[in-house]
Amino acid sequence: MLALLGNAVLGTALLQGLNRADEAFPPPIERAMETSREVVDADGRLLRAFATSEGLWRLRTTSDDVDPQFVRMLLAYEDQRFHAHSGVDPLALLRAAGQFVGNGRIVSGASTLSMQVARLIEPRDGRSLLAKARQMARAIQLERRLTKTEILDLYLTHAPYGGNLEGVRAASLSYFGKEPERLSVAEAALLVALPQLPERRRPDRFPKMAEAARERVLTRMAVSTVIGEGEAERAGSEAVPIRRLQLPALAPHLSELALRKDPARQRHETTIRRGVQQALEAVARSAAERLGPKLSVAMVMADARTGEIIGEVGSAGYFDASRSGWIDMTRQIRSPGSALKPFIYGLAFEEGLVAQETIVEDRPADFFGYRPRNFDMSYQGDVSVRQALQLSLNVPAVRLLDAVGPTRLMVRLRRADVRLALPAAEAPGLAIALGGAGITLRDLVQLYAALANQGKVVRLGNGIEHPPEVVVGDPLVEPAAAWNVSDTLSAVLPPRGSRRLGIAYKTGTSYGYRDAWSVGYDGRHVLGVWVGRADNAAVPGLTGYEAAAPILFEAFSKSGIAVTPIPGAPAGALRIAQSELPIGLRRFARTASGLVAATAREPAPQIVYPPEGAHVELGARTGGDIAPLALKLQGGRAPFRWLANGRMLPESSRRRTTQWTPDGAGYSTLTVIDAVGRAASVRVFVE
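A short tour of the structure in this document, coming up.

Rules of the game
- Residues numbered from 1 in each chain as written.
- Predicted model: local features only at pLDDT ≥ 70, side-chain atom pairs only at ≥ 80, totals over all residues.
- Heavy atoms only, no water.
- Helix = DSSP H or I, 4+ residues; strand = E, 2+ residues; numbered from the N terminus.
- Buried < 20%, exposed > 50% of the residue type's maximum accessible area, 1.4 Å probe, protein only.
- Contact = heavy atoms within 4.5 Å.
- Areas by Shrake-Rupley, 256 points an atom, 1.4 Å probe, with all protein chains shown as cover.
- 1 Å grid on protein atoms, 1.4 Å probe; cavity = no way out; pocket = protein on both sides within 12 Å on 5 of 7 lines; lining within 4 Å.
- Points joined across faces, edges and corners; volume = space filled by probe spheres on them.
- Nonpolar A, V, L, I, M, F, W, Y, C, P; charged D, E, K, R; others polar.
- Pairing = 2+ DSSP bridges.
- Axes fitted to C-alpha atoms, helices over the stretch in contact; angles between N-to-C directions.
- Phe/Tyr/Trp six-rings, centres within 6.5 Å; stacked < 30°, edge-to-face > 60°.
- Parallel < 35°, antiparallel > 145°, perpendicular 65-115°, else oblique.
- Left-handed = near helix turned anticlockwise from the far one by under 90°.

### What about the overall build of the protein?
And then number 1: Across its full length, the protein carries 22 helices and 22 strands.
And then number 2: Here the protein, with 687 residues, has 53% of them falling under the buried criterion.
And then number 3: A fraction of 70% describes how many contacts in the protein between residues 6 or more apart in sequence connect residues 24 or more apart.
And then number 4: Entry remark: accessible area of the protein is about 31,300 Å², with carbon and sulfur atoms responsible for 53%.

In structure tokens:
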């Protein structure tokens, strides 16, 4: 009895001692958690990885990341009783010892996956019995702290594959160019075989050794049972990869930004779509090579409904020093040339100053000393507003900006959180129409996203700086005005050599041929392209139509994004023939002073009811119908044409009062135009 009691006390003391030793000398699990920092796309696919502090490519890998058959082959080859033992497999130890005694040499090892993980996270200097005993002790410690799945995940992350490759994901990407989610039997067998002697079996250096090691895995009876009859022979006939591929290095500017913003974060999630990003980068590289030395290309592609940036190319080549590729040109402020003209026209449409078929003069004009000229130094005479925008004529755009006001344009662009950069201490002027202000490519795409989104504003985001956002508030332009702009731009012919895609697009060329732009959109996505030199040097002959527009069409085609049709006209927003327009809309006759010369002595029309900013309650007739709202004006020359939210009311009238039935609650813009084209507008809220 005393002996039993003594043994129990001794056993308890021993267990307590082991527990204390276990607590005092834990395995270095935390240190093993360091992996390569990753930047991933919207679906979690790798865009770019960064080496660890030791210079290793070690991508975090779990059993959910790899082909299930690979896991079954690994366990069948390395550790068939992995789920049954507690870190050390006694049966494997007995088998290995018996083979050693019988053959006088080591025939097979007895290391479990848990023991291999212990060795991987705490490398030993030699292969002594003491080192093996320590490895076994560490394996038991790991089993006490981690689940079997967690131990397997550590193996999948740390298994060596030659050079500075660690883990199944890094190896699969480097040798097969793909994630290990779907592996062939031959590929899985090779990844099972390499970690035993990773340097001697590297397929890029020793393909014969790698092939022989793969064959040993395929012919192991336990593995053959897993893969099925005949699979080993078929897999053995496949060639092993003989070169190592580079890991993905997409979106380099965005990836570097992610690390600068949060260096400690292991995984950075973005809104980028890998397929789109890959296609845009390839288009940018090939386009820059065609355009010539020192020229770079930048692109931004976004979802106009959500604001998600799905592709972002900062330069034609991040490591191309001749093009200053490290500079992210999507964020540099440059002159947009004519690329802002659609927003001038949008305001003019919204205010009822013009319709698409309104005639506007394209002749030399003097705006208080500012004399704009067309790009080709010629003039078209009388043209429709539609033609003026499609041909990107300068004088008509300046005439319209003079009418709506440069300051008002600036204020309206702020609705989209875009602020143009003006020369120091200079007020907004008419030169804005032709690129006399600075803007970034991203901000320009953000503006065009509103046109693609029927006037509704979105804030672009890539998931690193800030999330994309649908802005609740006033639209950039009313839906009818946005449709008029989109309908006009969608009819512009594609550049030479490009096929029609069903997109609306506009080009721009800055003063001195420094920047070439093209922005296009369909009913869902918007893509902006910039071409130029990062050092802002002039490039003779560089234009938006010749340089940027072909890239736009090529990138849209190769992005993999299906073209979404541009939405049809909202109710009441129709393209009306010039002969059917109200008299005041048939011709835009503003002078530089903003007054109609023929009626300088008459007061301009002014809406007196409802006043600007009024909140008007919806009335109801008997039967529940909405009661009409009375509209009143003063001044102007009859007849008058009224517009509500850019849509013309049914008939013109010589009376200074009329009625309007709102579509429903919310903000509305009411505009009246007199016989000679003068207009007045108020914005009211219908409750």
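### Quick look at the environment of A235
And then number 1: Tracing the chain through its elements places A235 in helix 12 (residues 231–236).
And then number 2: On the basis of relative accessible area, A235 is assigned to the buried category, the value being 4%.
And then number 3: For the pair formed by A235 and E187, sequence separation is 48 residues and the distance between their alpha carbons is 8.3 Å.
And then number 4: Leave out the neighbours within four places in its chain, and A235 touches V185, A186, R214 and L218.

### Topic: the layout of surface pockets
Empty space among the atoms becomes visible once a probe the size of a water molecule is rolled across them.
And then number 1: The volume enclosed by the second largest pocket comes to roughly 1,200 Å³.
And then number 2: Contributions of two or more residues to the lining of the second largest pocket are made by helix 16 (385–390), strand 12 (504–509) and helix 21 (544–558).
And then number 3: In terms of residue count, strand 12 provides more of the lining of the second largest pocket than any other element does, 5 residues in total.
And then number 4: Broken down by class, the residue content of the lining of the second largest pocket amounts to 16 nonpolar, 17 polar and 5 charged.

### What to know about the side chain of D153
And then number 1: Along the chain, D153 turns up in helix 7 (residues 148–158).
And then number 2: If we skip the residues at most four places from it in the chain, D153 touches T61, T62 and S63.

### Some thoughts on the sheet that holds strand 15 (residues 606–609)
Within a sheet, adjacent strands bond to each other through the backbone by hydrogen bonds, running parallel or antiparallel.
And then number 1: If you walk across this open sheet you meet the 3 strands as 15-17-20, and the pairing is antiparallel. At either margin of the open sheet sits one strand with a lone partner, and together these are strand 15 and strand 20 (657–660). The mean angle between the axes of side-by-side strands here comes to 40°, regardless of whether they run parallel or antiparallel.
And then number 2: Examined bridge by bridge, strand 17 (residues 629–634) and strand 20 share 4 bridges and lie antiparallel to one another.

### Comments concerning the packing of aromatic side chains
And then number 1: Counted under the stated rule, the structure contains 5 aromatic pairs.
And then number 2: On the basis of an interplanar angle of 85° and a centroid distance of 5.0 Å, the ring pair of Y505 and F553 is categorised as edge-to-face. Within this pair, whereas Y505 is found in strand 12, its partner F553 is found in helix 21, the two being separated by 48 residues in sequence. Taken individually, Y505 and F553 each receive the classification buried, so the pair is uniform in this respect.
And then number 3: Connected via pairs of aromatic rings, a cluster forms that spans F343, Y448 and Y521.

### Remarks on the packing of helix 9 (residues 185–193) against helix 10 (residues 207–219)
And then number 1: Close contact between helix 9 and helix 10 brings their axes to 8 Å; oriented N to C, the two are set at 105°. Classed by the angle they form, the pair helix 9 and helix 10 counts as roughly perpendicular. Contact with helix 9, carried on its side by V185, A186, A189, L190, V192 and A193, involves A210, A213, R214, V217 and L218 of helix 10 and no other residues of that element.
And then number 2: Taken together, the residues that form the contact of helix 9 with helix 10 break down as 10 nonpolar, no polar and 1 charged.

### Topic: the packing of helix 3 (residues 68–78) against helix 9
And then number 1: Contact geometry of helix 3 with helix 9 gives a least axis separation of 9 Å together with a crossing angle of 45°. Our classification of the angle between helix 3 and helix 9 gives oblique. The handedness of the crossing between helix 3 and helix 9 comes out as right-handed. Of the residues in helix 9, those in contact with Q69, F70, M73, L74, Y77 and E78 of helix 3 are V185, A188, A189, L191 and V192.
And then number 2: Grouping the amino acids of the contact of helix 3 with helix 9 by side-chain chemistry returns 9 nonpolar, 1 polar and 1 charged.

### A closer look at helix 8 (residues 168–176)
And then number 1: The buried fraction of helix 8 amounts to 9 of the 9 residues, a majority that puts the element mostly inside the structure.
And then number 2: For helix 8, the full list of buried residues reads V168, R169, A170, A171, S172, L173, S174, Y175 and F176.

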